[in-house]
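One letter stands for each residue in the lines below.
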Amino acid sequence: MDIPTTGRGDTDPTPALLDAAQLTADRDLAPRFPAEAHRVLADLVRAGAPLGWDDPPAPDEVTDLIARVLRAARHGDAALRAAYLGRRLIGLGYWLRYAQATNRQHADLVKIAVAAEAHGRGIGRSLTSTLVADAREAKIEVLTLDARADNTRALRLYRSLGFREYGRLPAFVAMGGRRYDKVFYMLDLRTETPTAHPPHPSAP
C-alpha cells in the first residue's frame, strides 16, 4: 500500500515525517530513499556540515547505513524519520539503542540532516522533537547525542528541547586541518530518577 506524504503535494508547506514502517510500506518512496538520503547527506558534507564524514559518503555506504537502521527499527532498536514535502525528501534523522546489554534502555540520537534548500523552515526541530517522542513511546530512558562544538545552531536547538551538556572532549574532532571540541548532550526521559545502587564492594 502506498502511503501519501502530504495532502497537497509539493505546495503544502508542512512536511510529513514518515517513520520507518510508513517509509518501507510505500512502494514508490522506499526504493528511492537510499539514493535520496545519499543526495541530502553528500550535499551537506560537501558544504562542510558536521555529519561525521570528511568527504561525501559513497552511495553504497549510505545504502548500507539505511539498511542497518531500518533493520534495527523493525526490532524496536531504532527509530527513523524521513521528512517529505510532497514526494521529495528534505531531511532525515534517527536514533539507535545502545548495543551493550546493560545500556539497552538508552539510545543515541545519531544524525539529523536537513537538505540545504529546506533550511530555515523548522524541519530540524520537527525531526528532532518527533524522534524524542518516538523515544518516549519506546520507553527509552536517556537519549544522548554528541556534536561538534562549533555547530552552535544545532546545539541551541537541542538545548531548547531540554537536552543538557554532560561533558566534552577538548580538540577531539579533526577536520580540514582544524580541531574542535566534541560535546555530549543528554535528555533524561524518565519521570522518576532511579535510585542509584552503591558501588560494588570490589570496586576501587
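Parameters and conventions
- Residues numbered from 1 in each chain as written.
- Predicted model: local features only at pLDDT ≥ 70, side-chain atom pairs only at ≥ 80, totals over all residues.
- Heavy atoms only, no water.
- Pairing = 2+ DSSP bridges.
- Helix = DSSP H or I, 4+ residues; strand = E, 2+ residues; numbered from the N terminus.
- Axes fitted to C-alpha atoms, helices over the stretch in contact; angles between N-to-C directions.
- Contact = heavy atoms within 4.5 Å.
- Left-handed = near helix turned anticlockwise from the far one by under 90°.
- Nonpolar A, V, L, I, M, F, W, Y, C, P; charged D, E, K, R; others polar.
- Buried < 20%, exposed > 50% of the residue type's maximum accessible area, 1.4 Å probe, protein only.
- Salt bridge = Lys/Arg side-chain N within 4 Å of Asp/Glu carboxyl O.
- Parallel < 35°, antiparallel > 145°, perpendicular 65-115°, else oblique.

S.K.: What am I meant to see in the sheet that holds strand 7 (residues 178–188) here?
M.R.: For sheets, the rule is that strands pair by backbone hydrogen bonds, running either parallel or antiparallel. The strand order across the open sheet built from seven strands is 1-2-3-4-5-7-6, with neighbouring strands paired in mixed fashion. Sheet topology places strand 1 (16–19) and strand 6 (164–175) at the edges, where each strand pairs with a single neighbour. Pairs of neighbouring strands in the sheet enclose a mean axial angle of 25 degrees, with direction left out of account. Judged from the eight bridges that link them, strand 6 and strand 7 form a sheet pairing that is antiparallel. Its bridge partner lying in strand 7, E165 is registered against Y185. Against the sheet, helix 3 (residues 59–74) makes contact with strand 2 (78–85), strand 3 (88–97) and strand 4 (107–114), and its axis sits at roughly 60 degrees relative to strand 3, the strand it touches most.

S.K.: Would you explain the packing of helix 2 (residues 29–46) against helix 3 in this entry?
M.R.: Geometry of a packed helix pair, given as the angle between the helix axes and the separation of the axes. At a closest axis distance of 9 Å, the pairing of helix 2 and helix 3 adopts a crossing angle of 120 degrees. Crossing of helix 2 against helix 3: the hand is right-handed. Contact residues: F33, P34, A37, H38 and L41 in helix 2; P59, V62, T63 and I66 in helix 3. Residues of the contact of helix 2 with helix 3, tallied by class, amount to seven nonpolar, two polar and no charged.

S.K.: Which parts of the structure should I look at to understand unusual backbone geometry?
M.R.: The backbone of K139 sits at a positive phi, close to 65 degrees, despite the residue not being glycine. Structurally, the position occupied by K139 is in the loop between helix 4 (123–137) and strand 5 (142–148). Of the residues examined, K139 reaches a relative accessible area of 67% and is grouped as exposed. Despite not being glycine, A171 has its phi angle at roughly 50 degrees, a positive value. Mapped onto the elements of the fold, A171 is located in strand 6.

S.K.: Please explain the pattern of salt bridges as it appears in this structure.
M.R.: Working definition: two side chains of opposite charge can pair if their charged atoms are close together. Counted by the stated rule, this structure contains 15 salt bridges. Of the charged contacts, one joins R190 and D188 as a salt bridge, the two residues approaching to 2.8 Å between their closest N and O atoms. Judged by relative accessible area, which is 27%, R190 ranks as partly exposed. Salt bridges sharing partners connect three or more residues here, namely D26, D28, R32, E36 and R87.

S.K.: What is the right way to look at the packing of helix 4 against helix 5 (residues 152–160) in this model?
M.R.: Relative orientation of the contacting elements helix 4 and helix 5 amounts to 45 degrees, with a least axis distance of 11 Å. By the angle between their axes, helix 4 is oblique relative to helix 5. For the pair helix 4 and helix 5, the sense of crossing is right-handed. Of the residues in helix 5, those in contact with G124, R125 and T128 of helix 4 are L157, Y158 and S160. Each residue belonging to the contact of helix 4 with helix 5 can be placed in one class, and the counts come to two nonpolar, three polar and one charged.

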